[in-house]
Amino acid sequence: MLDKPMPNIGLDLQRIHRVITRGLAVALENCQVFVASGFPDDATREGFWKYCQGLEANLHAHHLTEDDLFFPLVCDRMPGTDFQTLLDEHQELLVYLGELKAAREAGSAADAQRALARMDVVWQAHMAKEEAAFSPEIMARVMTVAEHIEMAQQAAAHSQAHAQPAPLSVPFLLYNLEGADRDFYLGAMPAEVTQQLVPIAWKDEWATMKPFLLE
Ligand SMILES: [Fe+2]
Ligand SMILES: [Fe+2]
C-alpha cells in the first residue's frame, strides 16, 4: 500500500512558484508579441489584461503569506538564511507589480512588457534562493508534521483573502498548473469553488483568459 505523501511546506512553495513562473513566462512572451504586432482582437486584449491581473493577485498573495506567516514561524530556526534579502526582494517585486497594474489600467502593452521583464529577472533569482533554502528535505527537519499541516491551512486562508478578484485569481491558479499539481488545489479548495463558482458562476468573467491557460 502506498503511503499518502506527508504534507510539506517546501512542496507547497514549489507548487505555487510553478504557477507564478509559468504566469510570468506566458505573460512576458505574449506581451512581446502584442507590443510588436498589436492585439489581434478585443477578446485577446481583455484576456491578456485579466491574465496579468490574475498574476498580480497570486504573486502578491504569495508574498504576503511568506511575509506574514511562513517567514515569522521559521526565521529564528534558520539563522543561516538571509530573510532580510528575501523580504527586500518582495518589496522590489511589489514596485514592479505596481508598474504592471498601472500599465494594465492604462492599456499599455509596452509599459507592461518593461514591468514584466524586470519582475522576471528578480523572480527567477528569488525563487531559486527560496527553493534552495526551503527545500522539502530542509523543511521536514525545521517544522513538525503538525506545523506543516497548520501552515498549509493558514496559508490557504490567507491567500484566499488576499488573491483578489477571486473569479480571476482562482482560475489563474488552477489553470497555470496541470496534472497532480492542479489536482492538489482542486482537492484543497471547497467543492463550491471548484464545482460551482469556477466552472459556472465565474465562467464568463475568466473565459477570455483561456488562450493563455492550460487546458
Ligand atoms: Fe516564494
Ligand atoms: Fe518570496
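Residues numbered from 1 in each chain as written. Chains lettered and ligands numbered in written order. Predicted model: local features only at pLDDT ≥ 70, side-chain atom pairs only at ≥ 80, totals over all residues. Heavy atoms only, no water.

**A short note on the layout of surface pockets**
With a probe scaled to a water molecule rolled over the atoms, the places where space remains empty come into view. Within this model, the largest pocket holds a volume of roughly 1,300 Å³. Taken together, 43 residues make up the lining of the largest pocket; nearest its centre are Asp12, Arg15, Phe184, Tyr185 and Ala188. For the lining of the largest pocket, the elements supplying multiple residues, two or more each, are helix 1 (9-37), helix 2 (42-74), helix 6 (145-162), helix 7 (166-175) and helix 8 (179-188). When the residues that make up the lining of the largest pocket are grouped by side-chain class, the tally is 26 nonpolar, 11 polar and six charged. Of the pockets and cavities examined, the second largest pocket occupies roughly 150 Å³. Elements that contribute at least two residues to the lining of the second largest pocket include exactly helix 2 and helix 3 (83-106). The leading source of residues in the lining of the second largest pocket is helix 3, at five residues. When grouped by side-chain class, the residues that make up the lining of the second largest pocket number four nonpolar, five polar and three charged. (1 Å grid on protein atoms, 1.4 Å probe; cavity = no way out; pocket = protein on both sides within 12 Å on 5 of 7 lines; lining within 4 Å. Points joined across faces, edges and corners; volume = space filled by probe spheres on them. Helix = DSSP H or I, 4+ residues; strand = E, 2+ residues; numbered from the N terminus. Nonpolar A, V, L, I, M, F, W, Y, C, P; charged D, E, K, R; others polar.)

**What about the coordination of the iron ion (ligand 1)?**
Each protein donor to the iron ion (ligand 1) is listed here as His17 (NE2), His62 (NE2), Glu66 (OE) and Glu130 (OE); together their distances run 2.0 to 2.2 Å. Relative to the metal, the four donor atoms surrounding the iron ion (ligand 1) lie at angles of 85 to 179°, and the coordination shape comes out irregular. Counting the intervening residues between successive donors of the iron ion (ligand 1) yields the motif H-x44-H-x3-E-x63-E. A spacing of 3.2 Å is found between the iron ion (ligand 1) and the iron ion (ligand 2), which share Glu66 as a donor. Here His17, found in helix 1, pairs with Glu130, found in helix 4 (residues 109-133); they are 113 residues apart in sequence, far enough to count as distant. Both residues of the pair, His17 and Glu130, count as buried. (Donors = N, O, S within 2.8 Å, 3.2 Å for Na, K, Ca; no water. Tetrahedral: all angles 85-135°; square planar, octahedral: opposite > 155°, others 65-115°. Buried < 20%, exposed > 50% of the residue type's maximum accessible area, 1.4 Å probe, protein only.)

**Section: the coordination of the iron ion (ligand 2)**
The coordination sphere of the iron ion (ligand 2) contains the protein donors Glu66 (OE), His90 (NE2), His126 (NE2) and Glu130 (OE), at a distance range of 2.0 to 2.1 Å. Taken together, the four donor atoms surrounding the iron ion (ligand 2) define angles of 86 to 172° at the centre, an arrangement classified as irregular. With relative accessibility at 0%, the residue His126 sits in the buried group.

**Quick look at the pattern of salt bridges**
If you walk through the whole model with that rule in mind, you get 11 salt bridges. Residues Arg15 and Asp12 are paired through a salt bridge, measuring 3.0 Å at the closest nitrogen-oxygen approach. Linking Arg15 with Asp12, this pair stays in helix 1, spanning three residues, or about one helical turn. Look at Asp12 and you get buried, because its relative accessible area is 18%. The shortest N-O distance in the salt bridge between Arg77 and Glu147 comes to 2.8 Å. (Salt bridge = Lys/Arg side-chain N within 4 Å of Asp/Glu carboxyl O.)

**Notes on the environment of Gly23**
Note that Gly23 resides in helix 1. Gly23 gets classed as buried once you look at its relative accessible area, which sits at 0%. Between the C-alpha atoms of Gly23 and Ala133, which are 110 residues apart in sequence, the distance is 23 Å. If sequence neighbours within four positions are ignored, Gly23 has contacts with Tyr51, Leu55, Phe172 and Asn176. (Contact = heavy atoms within 4.5 Å.)

**Some words on the side chain of Asp120**
On the secondary structure map, Asp120 appears in helix 4. We note that Asp120 is buried and unpaired, the nearest opposite charge coming from Arg118 at a distance of 12 Å. Apart from the residues lying within four places of it in its own chain, the contact partners of Asp120 are Leu24 and Leu28. (Lys, Arg positive; Asp, Glu negative; His and termini not counted.)

**Digging into the environment of Met151**
Position of Met151 among the secondary structure elements: in helix 6. A residue is classified by how much of its surface remains accessible, and Met151, at 5% relative accessible area, is buried. Residues Met151 and Leu69 lie 82 residues apart in sequence; the distance between their C-alpha atoms is 7.7 Å. In contact with Met151, other than residues within four places in its own chain, are Ile9, Leu69, Phe70, Leu73 and Met143.

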